[in-house]
Every structure is written in C-alpha cells, then in structure tokens.
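Coordinate analysis (summary)
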Amino acid sequence: MIRRTRPVAGAIALLAALTAGIAFPAGAAAGEPTGQDAPKVDLVLDVSGSMRARDIDGQSRMAAAKQAFNEVLDATPEEVQLGIRTLGADYAGDDRKEGCKDTAQLYPVGPLDRTEAKTAVATLVPTGWTPIGPALLRAADDLDGGDGSKRIVLISDGEDTCAPLDPCEVAREIAAKGIGLTIDTLGLVPNAKLSRQLSCIAEATGGTYTSIEHQDELADRVNELVDRAAEPVVTPVATEGAGSCDKAPVLQSGLYTDREEFGQQRWYRVELLAGQELRASVSVAADRAVRPDYGVLMRAVTVHGREIVRGEATGNGRTDVVSTGLRHPKPELEDDDSGKPAAETVCIGVTTSFSADAGVKTTPGLPLELTVDVVDGPDNASDVASFGLGRGWWLLGALVVTGFLAGLVWGWLSRWRVAVWRTN
C-alpha cells in the first residue's frame, strides 16, 4: 500500500515549542493539554537609545511602549504569570562588551501586582545598546520550569548590536532545548533588515512577527499574545529518534517533536495489535536558508526491515514546511488459540533531503513534528486503501461504465441523425 502526499502549504509551524523528556503525564496522552501549571509570559522590551525617536503617533517610541504596557497590565488575565525584562536600559557607555551584558529583569515572572509593575515601567529611560541575543537567553531562564505554556514577547525598534551572538541562532538553540517556549516579536520600525531578523527569531520557535506603527496596535497585539498564552494548547512531547529501529524509542498515540540533521534518518517504534490501524504523519520545517528541491520520506517497516508502506513529498523552496503521512492496518486474526493479542512492532523511519550553502549552520537540526495515532481498524483491512483510493474504486468503476454506455448511446444517436439528414 503506497501513499504519496504533496507538501502542505501553511502546515503547522514546526517550530512549535518543545518540551523536555518523553514521559507522558498521568491520565493524558502525549501532547494532550494538562493544565497543571499556570501559563507564563515574559515581556522583553528594548530600552536602547533609539527608543527616544518620536515617530509613533507624535510621541517617542518609549512613551508609546509605556502606554501600551499599562493597558496590557490592566488586561492581563489573573491566571497568567507575567514578567518584564529589559535590554539596553542601564548602560549608556561606549564599551560594547559591557553594553552587550545590559539586560535585567524589571519585574519577575509570577503573580501580577499591577501597581508595582506599572511603577517599574514608569522608571524606564532609553539608554544603551540592543543585546537581543543575551536578553532572549536570560528570558528563557526566567520562564524555565513547569509544563504550562511559556511565551516571550520581544518588542524592539532595532537590530541586535551584539553580533556574532546571532539572535536567530539563539532562538534555534532555545527551541532545541525542549522547554516548550514560543517567541513572538514586534518591530516598531518598518525596516526590512529588522523585519528579517525578528521574523527569523519568531519562526525558529513557531512564533509570529508583527510590524507596529501605532501605539494602539502595540497594545492590542501584546494583549492578544498574552491572552493566547492563557488558552489551552496542545504541547508536543520532545523525543529523540535513533539511528536504527532496534534502538528507537517506543511511541504511543500523540504529538511529538524532534530535531533532524541534514540528510539524516531518524527511527521510532510503535506497538500495533491485531485489528488496529497505525496512522502517522510528519512535517519538517526549514527554519534557516536551505537550497530548493528538498524532500521527506516516511517509511513503515517491520523489525526485519521489510517495507510495509511509505509516504513521500517534495518541495521547491516555495514553502517552509514539507509534510507526508502513511496508514497501515493490522488485520484481525481469524483463529488464535493462544488467547493473547498478537502484537507487531512497526518501525517508522523519517529521512530528509535538505541541503544548505556553505556558512549555514546545520546544528541544531531541522525541527520535525511527528503525529502518531493508533486506532481500531476497519472491519475489513482490505477496505482501507487500494492504491490510495479505498472504496473509491466502486465509484470510479461506476463512472467508467456510465461513461462507456453514454458514449455508445451518443454515437448511435449521432449516426441516426446523420442517416436521417441524408435521407431528407
């Protein structure tokens, strides 16, 4: 049984947040929301010298940000633990090394005291450098711990000034840690270079980038992102595929994330009982510049290496995600004197064919999202698929016969009309 699928444009952003370990919470399947911990949000605000510019509704960028923050603090849901971190708020000197250390927790992540948080925001004065990379690393530490949703909202009016610590690479490293964190970015200047950097940061963790030109837009967007953190979400479970089937992790039904190096093959195992059906899909995201013409192959094989079914898809650089899937039913046993269910270990292999130009980092690997679903199979496994058409063969056959008969009738009528015309 072979199934091919095309890349799905707009497929889930792979770069969905990762969580550590593969242990399943009690009473919940892998990737199922549990609601055990409060959602956490860290607002990271650029307070560098450029925030003095007066180009947002006739006021400075800093004043617009303060006003927006006050509105956000008033509207933050009670269940959200919120903190505020600054970058470039304290050091006004010319020493780049010192300027790139300038990030501090203005208000700690935790239960929100609105008055105290507003007072802290009111003291901010545009000062120094723009150490976005270091600030993101510290913000990730601010949110560490717990299994609730975690979100960084970065607001900046300029590019990072602390290269070679590339903030986009920092975001990829944060995603690879598997702490379930999403970074959303907001740019206060319509600048192409800034937009590329902030977009890259957001995409690396499955977040969003928004260009802001007015104060009310800033307040509305930050409020939306804080509210989103409070919504129940399905968090993929981080797993680590192996280089061979015999060493692969055993997965239950659920949603998983992994990282796969360029041209690498990763293996996972699923236990399938008689009468059950395996449905699996994979999406791989290009979170950095890759060459066009890439693909992903997903295979289900036995522990002895015999291929059962495969799914494959290719891309040409027009989308950032390539996806494919497969299905495999295990028929019911007609006679089983043992009284025990006959289990089968199915090995799922995922292979990618991404490549990149020299200078593009290949580590951490590309983000991979794997969905595994084991369900009760149909009454007759042969009904599942026949060259990908399943019971559609009946419809196809009926259409062929109908078309054939219609052609015969039409031909006979045409000849009869011609004969009548000649006679007359």
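How each quantity is defined
- Residues numbered from 1 in each chain as written.
- Predicted model: local features only at pLDDT ≥ 70, side-chain atom pairs only at ≥ 80, totals over all residues.
- Heavy atoms only, no water.
- Helix = DSSP H or I, 4+ residues; strand = E, 2+ residues; numbered from the N terminus.
- Expected span 1.5 Å × (residues − 1).
- Buried < 20%, exposed > 50% of the residue type's maximum accessible area, 1.4 Å probe, protein only.
- Arc of directions from axis to C-beta.
- Disulfide = S-S within 2.5 Å.
- Salt bridge = Lys/Arg side-chain N within 4 Å of Asp/Glu carboxyl O.
- Patch = residues over 30% accessible without salt bridge, like charges linked within 9 Å, V, L, I, M, F, W, Y side chains within 5 Å.
- Areas by Shrake-Rupley, 256 points an atom, 1.4 Å probe, with all protein chains shown as cover.
- Lys, Arg positive; Asp, Glu negative; His and termini not counted.
- Charge placed at Lys NZ, Arg CZ, Asp CG, Glu CD.
- Contact = heavy atoms within 4.5 Å.
- Pairing = 2+ DSSP bridges.
- Axes fitted to C-alpha atoms, helices over the stretch in contact; angles between N-to-C directions.

Here helix 1 (residues 61–75) contains 15 residues, and its C-alpha end-to-end distance of 21 Å stays within 8% of the 21 Å for a straight helix at 1.5 Å per residue. All of the buried residues along helix 1 are Arg61, Met62, Ala64, Ala65, Ala68, Phe69, Val72 and Leu73. For helix 1, the arc enclosing every buried residue in end-on projection is 165°, short of the 170-degree limit, so these residues lie on one face.

Across all of its chains, the model carries three disulfides by this definition. Linked covalently through their sulfurs, cysteine 168 and cysteine 200 form a disulfide whose S-S length is 1.6 Å. On the S-S bond that ties cysteine 168 to cysteine 200, the torsion sits near -50°, and the link is left-handed. Of this pair, cysteine 168 sits in helix 5 (residues 167–177) while cysteine 200 sits in helix 6 (residues 192–204), placing them 32 residues apart in sequence. The residues cysteine 168 and cysteine 200 share a single accessibility class, namely buried. For cysteine 245, the disulfide goes to cysteine 347, at an S-S distance of 1.7 Å.

One pass over the full model with this rule turns up 21 salt bridges. The closest approach of N and O atoms between aspartate 258 and arginine 266, which form a salt bridge, is 3.2 Å. For the residue pair aspartate 258 and arginine 266, the accessibility class agrees, reading buried in each case. A salt bridge links aspartate 287 to arginine 288; the nearest nitrogen and oxygen atoms lie 2.8 Å apart. The structure contains a network of salt bridges with shared partners spanning Glu169, Arg172, Arg259, Asp287 and Arg288.

Here the focus is a negative patch on the surface. On the surface, a cluster of negative charge is made up of Asp57, Glu71, Glu213, Asp216, Glu217 and Asp220. The element that contributes the greatest number of residues to the negative patch is helix 7 (residues 215–230), accounting for three residues. Secondary-structure assignment places glutamate 217 in helix 7.

We now examine the side chain of glutamine 59. With respect to the helices, strands and loops of the structure, glutamine 59 is situated in the loop between strand 1 (40–46) and helix 1. Residue glutamine 59 is classed as buried on the basis of its relative accessible area, which comes to 19%. Glutamine 59 has contacts with Ala53, Arg54, Ala64, Gln67 and Gln215, leaving out every residue within four places of it along the chain.

Read across the sheet, six strands follow the order 3-2-1-4-5-6 without closing on themselves; strand pairing throughout is mixed. Among the strands making up the open sheet, the edge pair consists of strand 3 (103–110) and strand 6 (209–211). Pairwise comparison of adjacent strand axes, ignoring direction, gives a mean angle of 15° for this sheet. Where strand 2 (residues 81–87) meets strand 3, five bridges bridge the pair, whose relative direction is antiparallel. Bridge assignment links arginine 85 to a residue of strand 3, and that residue is glutamine 105. Helix-sheet contacts for helix 7 involve strand 1, strand 2, strand 4 (150–156), strand 5 (181–187) and strand 6, and the interaxial angle to strand 4 is about 165°.

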